[in-house]
Amino acid sequence: MTAATMQESQRSPRMENLFIDGQSRPSVSGETFDVFNPATGELYARVAKAGAEDANAAVAAAKVGARRWQETPLAEREAFFWKAAKALQEKGEEFVDSLIQESGSTLTKARSEVKKSMDILRAAAGEVRRIEGATSPGQVGKWSFSIRQPVGVFVAITPWNVPLAISLKKVTLALAHGNAVVLKPASYTPVVGVMMGHLFHEAGLPAGALNVVTGPGKLLGDIFATHPDVKAISFTGETVTGKALAAVAASHLKKFSLELGGKNPAIVLADADLEYAVQAITFAAFHHQGQNCMSVDRVIIEEPVHDQVVNELVKRASALKVGDPRLPETHLGPMVHRTQLEAVHRLVQSSVAAGARVLCGGQPSPPYYPPTVVVDVQPGMPLFEEETFGPVAPVIKARDANHALELANNSRYGLAAAVFTRDLDRAFTFAGRLEVGMVHINDATIYTETNAPFGGVKESGFGREGLGGWSWEEMTEAKWITFQVGKKGFPF
Ligand code: NDP
């Protein structure tokens, strides 16, 4: 975007349509909804509000798009991902601008999200030729083997916190497995999803292979979950929403996977490199204002080093810069929405009322919430039990390593965990016994690799996302095929 067009976009809101069957089109009703810049409160975009007819049109387009995409030669499909990565590189700063304007991402977070998205696209190119079947021993004269076929129409429903990379990963993986996709981005952040639809189309994706439908989640989610031509749904969002969607999808026997909330522990054992541990925790607790499903949401510290770690954490948290997300030196930008800020503050205040102590932060200055460290947090307090999704590090003191493990597993969530120790035995004991989908030893909880199984256990969801076979269950159907050599006998 040039300086002139940027100024123009500040004067009048950006207009975005739905993207269906390779075309930009308004909703059938003509209705729109508004998207506001969380930092300035200004109207950023006016976006088409899809209804039932639009949702059905997107599914119909995807059904045809799936066939077009599956008939595209493998080499061309592979090349598409490279072209899309290159196009994203060229338009990277436009995506960065939208991420800042609609989600309140800092410049650093937005740029790293675009970079991660390019990496996902490049990695997916190889998946096109990697999907494997199997052979199995057959009876005499019988050849027996199985193949994996795309499910067909795949629906991706995504949240507002990492709106490009989460949407792009689901869409890219589903396409790499030969499916067509209908993407429903979050209503706080619909613009980057629509931009992605255009970008993929310009990079050569056949019409209908990716459709982007913006509008109310409950209405559209229910339509997709009950539509006979939708074969699988991948949802990322809050646990309560995921449960509601799962109930509808299950009764219509859809395949679905759920990436939900977390209450991720970072455990600091007494023998850890403490300075390094605090550095990693500071990043993972406060990155993107704590609005990341993998954010550190409980800091569990072994008693002998508790005070030292807390002092260092408070020092680092207090030094972080909060403010204008466009500035490269800003660490924390605005909360996505006033309701999110108020929800975070309620969790802090109710925990303080129950006996916890705020050592730094804790005073909101809308739209900003400062990096906050709360100590003396105990099981039963809201900051121990509920996902915070804000820039708060709740600290819990553990008597010893066993107690730390017990505290870490005392949660209905099970997404990611980090353990800091120099002791190999303890590191791998924790890795084995932590009830989560992802454990990082001596690293931040916020860490992803496109070819690793991403996902959680307990109320953090089920199903895994990842290249190299981790998404086969969700994104393909196995089909068993036999071939009879010669004639076999039948009972009658
Ligand atoms: P929500 O659950 O509110 O929304 C997620 C998406 O679901 C949005 O697109 C929303 O649309 C849509 N939606 C809303 N109601 C329904 C419904 N009944 N059926 C189907 N879809 C619906 O989550 P947030 O956007 O608030 O995201 C934050 C949450 O996401 C946090 O809990 C976080 O932990 C979780 N998350 C999990 C990740 C993981 O990988 N485990 C990664 C990132 C976030 P609309 O916006 O129109 O309401």
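A. Expanded view of the sheet that holds strand β4 (residues 32-36). Within the open sheet, the 3 strands sit side by side as β1-β5-β4. Their pairing is mixed. Every other strand in the sheet has two partners, leaving β1 (14-16) and β4 as the edge strands with one partner each. Neighbour-to-neighbour, the strand axes of this sheet turn through a mean angle of 25 degrees, independent of strand direction. Two elements, β4 and strand β5 (residues 43-48), share 5 bridges in a ladder whose sense is antiparallel.

B. Just the site of the ligand, in detail. Around the ligand, a shell composed of 29 residues is seen, among which Ser187, Thr241, Leu260, Cys293 and Glu387 lie nearest. Contact between the ligand and Thr158: an oxygen atom at 2.8 Å from a main-chain N or O atom of the residue. At 3.4 Å from an oxygen atom of the ligand is found a main-chain nitrogen or oxygen belonging to Gly237. Within the complex, the protein chains bury 89% of what would otherwise be the 910 Å² of accessible surface of the ligand.

C. The arrangement of the packing of helix α14 (residues 401-409) against helix α15 (residues 424-433) in detail. Close contact between α14 and α15 brings their axes to 11 Å; oriented N to C, the two are set at 25 degrees. It follows from the interaxial angle that α14 and α15 lie roughly parallel. Where α14 crosses over α15, the handedness of that crossing is right-handed. Packed against α14, whose contacting residues are Ala401, Ala404, Leu405 and Asn409, the element α15 presents Arg426, Phe430 and Arg433 at the interface. A per-class count over the contact of α14 with α15 returns 4 nonpolar, 1 polar and 2 charged.

D. Looking closely at the side chain of Asn211. Relative to the elements of secondary structure, Asn211 occurs in strand β10 (residues 210-212). Residues within four places of Asn211 in sequence aside, it is in contact with Phe19, Ile20, Asp21, Ala58, Ala61, Ala62, Val181, Val182 and Leu183.

E. Quick look at a nonpolar patch on the surface. On the surface, a nonpolar cluster with roughly 450 Å² of combined accessible area is contributed by Trp143, Phe145, Phe483 and Val485. Mapped onto the fold, Val485 is located in the segment after β23 (476-484). We classify Val485 as partly exposed; its relative accessible area is 45%.

F. Spotlight on the domain arrangement of the protein chain. Partitioning the protein chain into structural domains gives domain 1 (3-260 + 460-478) and domain 2 (264-441). On a C-alpha basis, the centroid separation for the pair domain 1 and domain 2 is 31 Å. Contact residues are listed per partner, giving 18 residues for domain 1 and 27 residues for domain 2. Roughly 1,800 Å² of surface becomes buried between domain 1 and domain 2 when both sides are summed, with 61% attributable to carbon and sulfur atoms. One can count 0 salt bridges joining domain 1 with domain 2. Taken together, domain 1 and domain 2 are joined by 7 residue pairs in polar contact (both at pLDDT 80 or more). Among the secondary structure elements, those contributing two or more residues to the side of domain 1 that touches domain 2 are α4 (92-103) and α5 (107-127). For the side of domain 1 that touches domain 2, the leading source of residues is α5, giving 3 residues.

G. Highlighting the sheet that holds strand β15 (residues 357-360). Spatial ordering of the open sheet is given by β15-β16-β17-β14-β13-β19-β20, a layout of 7 strands whose pairing is mixed. The sheet is open, and its two borders are formed by β15 and β20 (438-441), each paired with just one other strand. On average, each strand axis in the sheet is inclined to that of its neighbour by 25 degrees, with strand direction left out of account.

H. Spatial organisation of the environment of Val348. Here Val348 shows up in helix α12 (residues 338-353). Among the residues examined, Val348 registers a relative accessible area of 2% and is labelled buried. C-alpha of Val348 to C-alpha of Lys255: the two residues are 93 residues apart in sequence and 38 Å apart in space. What Val348 contacts, discounting residues up to four positions off in sequence, is Val358, Tyr369, Val374, Leu383 and Val392.

Criteria and thresholds
- Residues numbered from 1 in each chain as written.
- Predicted model: local features only at pLDDT ≥ 70, side-chain atom pairs only at ≥ 80, totals over all residues.
- Heavy atoms only, no water.
- Pairing = 2+ DSSP bridges.
- Helix = DSSP H or I, 4+ residues; strand = E, 2+ residues; numbered from the N terminus.
- Axes fitted to C-alpha atoms, helices over the stretch in contact; angles between N-to-C directions.
- Near = heavy atom within 4 Å.
- Polar contact = N/O pair within 3.5 Å; in protein donor to acceptor, adjacent residues only side chain to side chain.
- Areas by Shrake-Rupley, 256 points an atom, 1.4 Å probe, with all protein chains shown as cover.
- Parallel < 35°, antiparallel > 145°, perpendicular 65-115°, else oblique.
- Left-handed = near helix turned anticlockwise from the far one by under 90°.
- Contact = heavy atoms within 4.5 Å.
- Nonpolar A, V, L, I, M, F, W, Y, C, P; charged D, E, K, R; others polar.
- Patch = residues over 30% accessible without salt bridge, like charges linked within 9 Å, V, L, I, M, F, W, Y side chains within 5 Å.
- Salt bridge = Lys/Arg side-chain N within 4 Å of Asp/Glu carboxyl O.
- Buried < 20%, exposed > 50% of the residue type's maximum accessible area, 1.4 Å probe, protein only.
- Domains from an automatic or database assignment.
- Buried area = accessible area lost by both parts, 1.4 Å probe.

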